[in-house]
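# Fold and contact review
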Number of protein chains: 2
Amino acid sequence: MTTTSPQGRTELLRPDGSPVRVLVVDDELSITELLSMALRYEGWQIRSAADGTGAVQTAREFRPDAVVLDMMLPDMDGLAVLGRLRRELPDVPVLFLTAKDAVEDRIAGLTAGGDDYVTKPFSLEEVVARLRGLIRRSGAADRRSDSVLVVGDLTLDEDSHEVSRAGDGIHLTATEFELLRFLMRNPRRVLSKAQILDRVWSYDFGGQANVVELYISYLRRKIDAGREPMIHTRRGAGYLIKPAVS
Amino acid sequence: MTTTSPQGRTELLRPDGSPVRVLVVDDELSITELLSMALRYEGWQIRSAADGTGAVQTAREFRPDAVVLDMMLPDMDGLAVLGRLRRELPDVPVLFLTAKDAVEDRIAGLTAGGDDYVTKPFSLEEVVARLRGLIRRSGAADRRSDSVLVVGDLTLDEDSHEVSRAGDGIHLTATEFELLRFLMRNPRRVLSKAQILDRVWSYDFGGQANVVELYISYLRRKIDAGREPMIHTRRGAGYLIKPAVS
DNA sequence: CCCCCGCCTGTGAATTCTCTGAGAAACCCA
DNA sequence: TGGGTTTCTCAGAGAATTCACAGGCGGGGG
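The rules we used
Residues numbered from 1 in each chain as written. Chains lettered and ligands numbered in written order. Predicted model: local features only at pLDDT ≥ 70, side-chain atom pairs only at ≥ 80, totals over all residues. Heavy atoms only, no water. Helix = DSSP H or I, 4+ residues; strand = E, 2+ residues; numbered from the N terminus. Expected span 1.5 Å × (residues − 1). Buried < 20%, exposed > 50% of the residue type's maximum accessible area, 1.4 Å probe, protein only. Arc of directions from axis to C-beta. Phe/Tyr/Trp six-rings, centres within 6.5 Å; stacked < 30°, edge-to-face > 60°. Pairing = 2+ DSSP bridges. Axes fitted to C-alpha atoms, helices over the stretch in contact; angles between N-to-C directions. Contact = heavy atoms within 4.5 Å.

### Some points on helix H8 (residues 210–224) of chain A
Residue and element names in this part refer to chain A. The end-to-end C-alpha separation of H8 is 20 Å, in line with the 21 Å expected for 15 residues at 1.5 Å each. If you check which residues of H8 are buried, you get Val 211, Val 212, Tyr 215, Ile 216, Leu 219, Ile 223 and Asp 224. Projected down its long axis, H8 shows its buried positions confined to an angular sector of 155 degrees, all on one face. Just downstream of H8 lies Gly 226, where phi reads positive at about 65 degrees.

Encoded structure:
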């Protein structure tokens, strides 16, 4: 089931109307804090654990609808944690966090079961999107909720990553896609460059804030090119997207 | 929930009808005083603390709906304070105060959880507006409260920063927008130039008082242009805005 | 009725913000 | 390993915004 808040954002809910529950497992406090903050903001209920033992314990009583699991934990191997979690909650989808250079083949095998993974350092947009996908597909949330964002004649499919305006397919790079997704999930709302940076770029990004301007520029070329513009600048405040008409 | 006071101002209230509670944390007394005064004027209940330890302590018993937190505290790092606050009050939104040049510093990720920040020196309008936004979105206040101010046929949307009169969109600059917002939040009430200056301009503004006249003039051109005027001068007292049809 | 003070507004300059081209570095896939 | 793609830095151009200054206007007290 989905519901629309007054701000116009759509939230995932469980069939019984209660908030989705997510368990976050990572030994770095800064990561669990960051994720907890961001996921709570999605309207989800969050519990966190710092090691495998704690994870299994918490899972038993919290009964989460999804788990975010760092593969690198102090007390036991990620696979072992996964095994015990599965004994506890056979059907819960898991989003793995892995180091960039980690053995991807092992992960690949694991995600065959409908799970998914992101590499550190990740962007929050990425984590939230993957998690939404997992929860949606697991059936914990109402299945009718779909994965297509629409603003005016612009559509973005979060599953297939297809974007089109007025029927014309548009090719976007990964970063462009995430930026557009963030804008489209907050239509008609001014988003500051800081907000965009925090959400779309990795948490360890230390570069110039003008990458946001740059990517807005890229998006405009692809999306607004020769059409009625949908992406608008609010000088001194940020950017927003809205349907072309009105 | 929102309610309208006898003076015609709309106030944010918690679902149970009690006033919103805000904790202000800053080591400079002049800042906490300034903020406390301004926020009390909004009808909110304010408590303040001068350091991290005091902040956590006060938060524990005061249970604020929002926190204003200076990132630069004598006893501990802003992030450390944040962590402890979060342990105490997982869902409370935080408005960070940061020095202008320290923005890049370690603000990264902070706005991701729905939090927000303003740079010093700030204007009170800015702080109040951001705080209202945070509280509104956090759900501490009734969700029916929305982000659109209306006076006569003039509307101002705080989310999209859009302004229109009788359906015609009007483009305002950042300062014009803040001034109009202040006027519209106090319809039919005379606001002195001093009040406006204190509220809309940064607290360290050292310029000529006639910027207010100047910006009123700008607003009139854009809003009253060729229409029944809504912005009125009370010679010797100040300005006020009210619906055109008296 | 006149003058003073407060208010209005045109001009222009300094500043800040945004956009975008060019190119280097990292990345990806074969 | 090699070429195409993507990400990001740097820097200059250009535009928008802010603000000071100063002359003009006009309301209303005397």
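### A few points about unusual backbone geometry
In this structure, Pro 121 of chain A follows Lys 120 of chain A across a cis peptide bond, with omega equal to -5 degrees. Residues other than glycine seldom take positive phi values, yet Ala 166 of chain A does so here, at roughly 50 degrees. Structurally, Ala 166 of chain A can be placed in the loop between strand E10 (163–165) and strand E11 (168–170). A positive phi angle, near 50 degrees, is found at Arg 63 of chain B, a position not held by glycine. Residue placement: Arg 63 of chain B occurs in the loop between helix H2 (52–62) and strand E5 (66–70).

### Comments concerning the packing of aromatic side chains
By the definition in use, this model includes 8 aromatic pairs over all chains. Aromatic pair Trp 201 of chain B and Tyr 215 of chain B: ring centres 5.7 Å apart, planes at 70 degrees, arrangement edge-to-face. With Trp 201 of chain B in the loop between helix H7 (193–200) and helix H8 (211–224) and Tyr 215 of chain B in helix H8, the pair connects residues that are 14 residues apart, well separated along the chain. Comparing Trp 201 of chain B with Tyr 215 of chain B, the two get one shared label, buried. Pairing Tyr 215 of chain B with Tyr 218 of chain B gives two aromatic rings, centres 5.0 Å apart and planes at 80 degrees, and the pair type is edge-to-face. One end of the pair is Tyr 215 of chain B and the other is Tyr 218 of chain B, both in helix H8 and 3 residues apart, which spans about a single turn. Put simply, the rings of Trp 201, Phe 205, Tyr 215 and Tyr 218 of chain A touch in pairs and so form one group of aromatic residues.

### Points about the sheet that holds E11 of chain A
Strands pair in a sheet through their backbones, by hydrogen bonds, and they do so in one of two ways: parallel or antiparallel. Residues and elements named next belong to chain A. With antiparallel pairing, the 4 strands of this open sheet are ordered in space as E8-E9-E10-E11. Two strands in the sheet have a free side with no partner beyond their single neighbour: strand E8 (148–151) and E11. If you compare each strand with its neighbour and ignore which way they point, the axes differ by 20 degrees on average. Running at roughly 115 degrees to strand E9 (residues 154–157), helix H6 (residues 174–185) makes contact with E8, E9 and E10 of the sheet.

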